[in-house]
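Coordinates in review
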Amino acid sequence: MTIHGRARLLGDDINTDYIISSARKRATIDPHALSPYLLESIAPGFAASVRPGDLIVAGRNFGCGSAMEVAVTVIQAAGIRAVLARSFARSFFRNAINNGLLVMECDTSSLAEGDDLSVEMEGGHVLVRNTSRGGMISGADVPEIVQRLIEHGGLVPYLSARGGFE
Amino acid sequence: MPPQTIVERILSRHAGRAVVAGEIAVCRADIVIGTDGSGPMAIDYFERMGGRALFDASRICFSLDHYAPPDTPSTQAFHRRIRDFAGKHGATVFEVGEGISHQVAVERGLVAPGDLVLGADSHTVMCGAVNACAIGVGSSDLAAAMMTGQAWLRVPETIRVHLAGTRPPSLAAKDIALALVHEIGSDGANYQAIEFAGDALELLTLEDRLVISSLMVEAGAKVAVFPFDARTADYRRGRAGRPGQPVEPDSAARYVREVRCDLSVLTPRVALPHAPDNVVPLAAAAGAAVQMVFIGTCTGGRAVDVRDAWRAFVQAGGRLAEGLQLVITPASREVLDEISADGTLANLTAAGATVTMAGCGACCGTSGVIPADGMTVLSTANRNFKARMGNATAVIYLASPAVCGAAAATGRIPERA
Ligand code: SF4
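Residues numbered from 1 in each chain as written. Chains lettered and ligands numbered in written order. Predicted model: local features only at pLDDT ≥ 70, side-chain atom pairs only at ≥ 80, totals over all residues. Heavy atoms only, no water.

1. Details of empty space enclosed by the protein
In plain terms, the rule: In this analysis the probe radius is 1.4 Å and the grid spacing 1 Å, with only protein atoms considered; a cavity is a set of points the probe fits into but cannot get out of, a pocket is an open set with protein on both sides within 12 Å along at least five of seven lines, and lining residues have an atom within 4 Å of a point. Grid points are joined across faces, edges and corners, and a volume is the space filled by probe spheres set on the points. Residue classes follow a fixed rule: Ala, Val, Leu, Ile, Met, Phe, Trp, Tyr, Cys and Pro count as nonpolar, while Asp, Glu, Lys and Arg count as charged, and any other residue, Gly among them, counts as polar. Note that the domain bounds were set by an automatic or database domain assignment.
A complete count under the given rule lists 3 cavities of 30 Å³ or more for this structure. Of the pockets and cavities examined, the largest cavity occupies roughly 310 Å³. In terms of lining, the largest cavity is formed by 26 residues, of which the most central are A:Ser66, B:His66, B:Asp121, B:Cys364 and B:Arg388. Partitioning the lining of the largest cavity into residue classes produces 10 nonpolar, 12 polar and 4 charged. There are two domains that each give the lining of the largest cavity at least three residues, and those are domain 1 (15-261) and domain 2 (270-410) of chain B.

2. Considering the domain arrangement of chain B
Residues and elements named next belong to chain B. For clarity, the cut-off: Contact criterion: two residues are considered in contact whenever any of their non-hydrogen atoms come within 4.5 Å of each other. Put simply, buried area is the surface a 1.4 Å probe can reach on two separate parts but cannot reach once they are joined, added for both. One speaks of a salt bridge when a side-chain nitrogen belonging to Lys or Arg is within 4 Å of a carboxyl oxygen belonging to Asp or Glu. For the purposes of these results, a polar contact is taken to be a pair of N or O atoms within 3.5 Å, where, inside protein, one atom must be able to donate a hydrogen and its partner to accept one; residues adjacent in sequence count only when each atom of the pair is a side-chain atom. To qualify as a helix, a DSSP run of H or I must reach at least 4 residues; to qualify as a strand, a run of E must reach at least 2; elements of each kind are numbered from the N terminus.
One can read the domain layout of chain B as domain 1 (15-261) and domain 2 (270-410). Inter-centroid distance (C-alpha atoms) of domain 1 to domain 2 is 24 Å. Opposite the 33 residues of domain 1 that make contact, domain 2 presents 31 residues. Together, the buried faces of domain 1 and domain 2 total about 2,600 Å²; carbon and sulfur atoms form 59% of this surface. Our count for the contact surface shared by domain 1 and domain 2 stands at 2 salt bridges. Salt-bridge contacts for Glu-218 lead to Arg-383; the nearest nitrogen and oxygen are separated by 3.0 Å. Between the two partners, domain 1 and domain 2, sit 17 residue pairs in polar contact (both at pLDDT 80 or more). Counting residues per element, the ones that place at least two in the side of domain 1 that touches domain 2 are α4 (101-107), α6 (173-184) and α7 (206-215).

3. Quick look at the pairing of strand β1 (residues 2-9) of chain A
When a strand is regular, its side chains alternate between the sheet's two faces. All names here are of chain A. Stated precisely, the cut-off is as follows: The rule for pairing is simple: two strands pair if DSSP sees at least two bridges between them.
Bridge analysis of β1 against strand β5 (residues 116-122) gives 5 bridges, and the strand direction is antiparallel. Bridge pairing in β5 places Thr-2 opposite Glu-120. For β1 and strand β2 (residues 55-58), the ladder comprises 3 bridges, and the chain directions are parallel. In the strand pairing of β2, Arg-8 is matched with Ile-56.

4. Comments concerning helix α12 (residues 333-341) of chain B
Near the N-terminus of α12(B), the side chain that reaches the backbone nitrogen of B:Glu334, with its oxygen 3.4 Å away, is that of B:Ser332. Immediately downstream of α12(B), the backbone of B:Gly343 shows phi near 90°, a positive value.

5. Quick notes on the packing of helix α11 (residues 303-315) of chain B against α12(B)
When two helices pack together, their arrangement is given by the angle between the helix axes and by the axis-to-axis distance. Residues and elements named next belong to chain B. Heads up, the rule is: Every angle, taken between N-to-C directions, lies between 0 and 180 degrees, and every axis is a line fitted to C-alpha atoms, over only the stretch in contact when it is a helix. For classification purposes, an angle smaller than 35 degrees is called roughly parallel, one larger than 145 roughly antiparallel, one from 65 to 115 roughly perpendicular, and anything else oblique.
Put simply, α11 and α12 touch, their axes get as near as 9 Å, and they point 40° apart. Judged by the angle between their axes, α11 and α12 are oblique. Residues Ala-303, Val-306 and Arg-307 of α11 lie in contact with α12, whose contacting residues are Val-335, Glu-338 and Ile-339. Within the contact of α11 with α12, the residues separate by chemical class into 4 nonpolar, no polar and 2 charged.

6. Some points on the nonpolar core
To be explicit about the condition: For the purposes of this section, nonpolar cores are sets of buried Ala, Val, Leu, Ile, Met, Phe, Trp, Tyr and Cys residues that join through side-chain atoms within 4.5 Å. Only protein chains enter the calculation, and the probe is 1.4 Å; a residue is then buried if its accessible area is under 20% of its type maximum, exposed if over 50%, and partly exposed in between.
Judged by nonpolar contacts, the single largest core of 108 residues is most densely connected at A:Leu38, A:Phe62, A:Ile75 and A:Phe92. Excluding its chain neighbours within four sequence positions, the residues that come into contact with A:Phe92 are A:Thr16, A:Ile19, A:Phe62, A:Gly63, A:Ala71, A:Val72, A:Ile75, A:Leu101 and A:Val103. In this structure, B:Ala179, B:Ile295, B:Cys360 and B:Ala362 belong to the second largest nonpolar core, which totals 98 residues.

7. Considerations on the interface of chain A and chain B
Of the residues lining the interface, 42 residues belong to chain A; the matching set on chain B comes to 48 residues. Note on chain A versus chain B: buried area summed over both sides is about 3,700 Å², and carbon and sulfur give 56% of it. Considering only the surface of chain A that becomes buried against chain B, A:Arg26, A:Arg90 and A:Arg94 emerge as the three largest contributors, covering 22% of it. Across the chain A-chain B interface, the total number found is 22 residue pairs in polar contact (both at pLDDT 80 or more). Residue assignment for the side of chain A that touches chain B shows that the elements contributing at least two residues are α1 (16-19), α4 (70-77), α5 (90-99), α6 (144-152) and α7 (155-162) of chain A. Per-element accounting of the side of chain A that touches chain B gives the leading share, 6 residues, to α5(A). When grouped by side-chain class, the residues that make up the side of chain A that touches chain B number 17 nonpolar, 15 polar and 10 charged.

Structural data, given as structure tokens:
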């Protein structure tokens, strides 16, 4: 699987409350209704400038804090298919996999805002190419269960197809 | 069988085979907890997964805690969705005002030693205080667990935290917890478990352990588990629920890291805006003016916290600072009953405090008292991210209940606890 997109840079420790404020969830959990507020408290122009196909590129500990799953679905509703980060908080990582949002752990320090990237995943190996400025980054390998969930498009389709884990 | 940590032993029991750190296993949960925050999405997912029945309704509960009270049509609708679903399938609902999900689950004895707890709330990790492997998950994992009773889990490596030394009387559990989050860092325990050990454990009440376990998720921890001892047994005596099977680590268990914490040299701590690991000694933050003090949440909203705050408030003068808003949100109805019975509640209301319904309150801006623009808040909570309490221009400091109580009287962060 290969996806292409433009890098949108974020920093370290982007918590889920920054991705979407808990208070916004009072009104609705419909991600399309929430996506205009994506990252509103730390990057107010972000939601308006995001284009379908953009990729989030972040530093350490992306998605820390609350385990709220709309933090994943709101990113997806904004048209973002993958997040590359130096590391992910475990609950965000799980929620992303479970919803079919691609999350790739790799050294993002050489990537710049607006870089065109192509991300390949083959048999659990991840390779990120910077097509704007050259260079290749290999990501952390993806465990088998995660690969299977990704192939199914997430936990909901996985379980509805199989009826259970075993 | 290789020597195992507490978490490896608990997960082995629930996977039906011996597992060690790094493996991925499908594990069966003893109790599955959702909230009004995570529940509605989980119910949607349960239906989309083709779920017809709960795997075991007696093991599933939902708490109506984040929107307590539900003061909008949309939050009312979330509650109705949960009540309808739970009614149809026979799951338990902790009603509005009964308290925070993991607090109520521990109080009622629904979480037993040795359990695997899956809770769709990051602070589920708090249940580790009673020797359970308690993991915070999202709505999709909650839905899967409702349907199958299971989750796929990577068995985490364990960091062992040794607590040693004599505890100074003014040292709160919150100080220990903040110091540990600072030491480990915001992602220092990511994907890992924390297991507590050491001679100072016997100095920590069960409530102290709940504070410490709850805060470890701010260091990324998947689990924060205490050993079972007389304190655990005392706390659980007289509470309903399964007896559980206490779990100890093997003496040769392997730990990925050892962290030592000497309580005798530890001093009160404050987390500065806007991160719970941005921790300094209290003296470094002293003098900052505050306009709102919040005593509440699953970290700092138990009876002992409210009493500590009241005592410090009285010692600091016993009158609310000019214009300061003191907000008390009990973590549960049991807490509310305890502070009512001993007169603390009446004292607080007479002093001008705003006491809200039990639940999450203003913790994440979903109910309760939302700070005004530019307000500085001092809070017993666990997170001080920008906008956490529902206003991106408010500034939040985190400290122990005693420090918060004193500040309510003086309007400033105090020099000492
Ligand atoms: S009190 Fe705060 S941290 Fe605890 S469950 Fe409620 S919102 Fe989460």
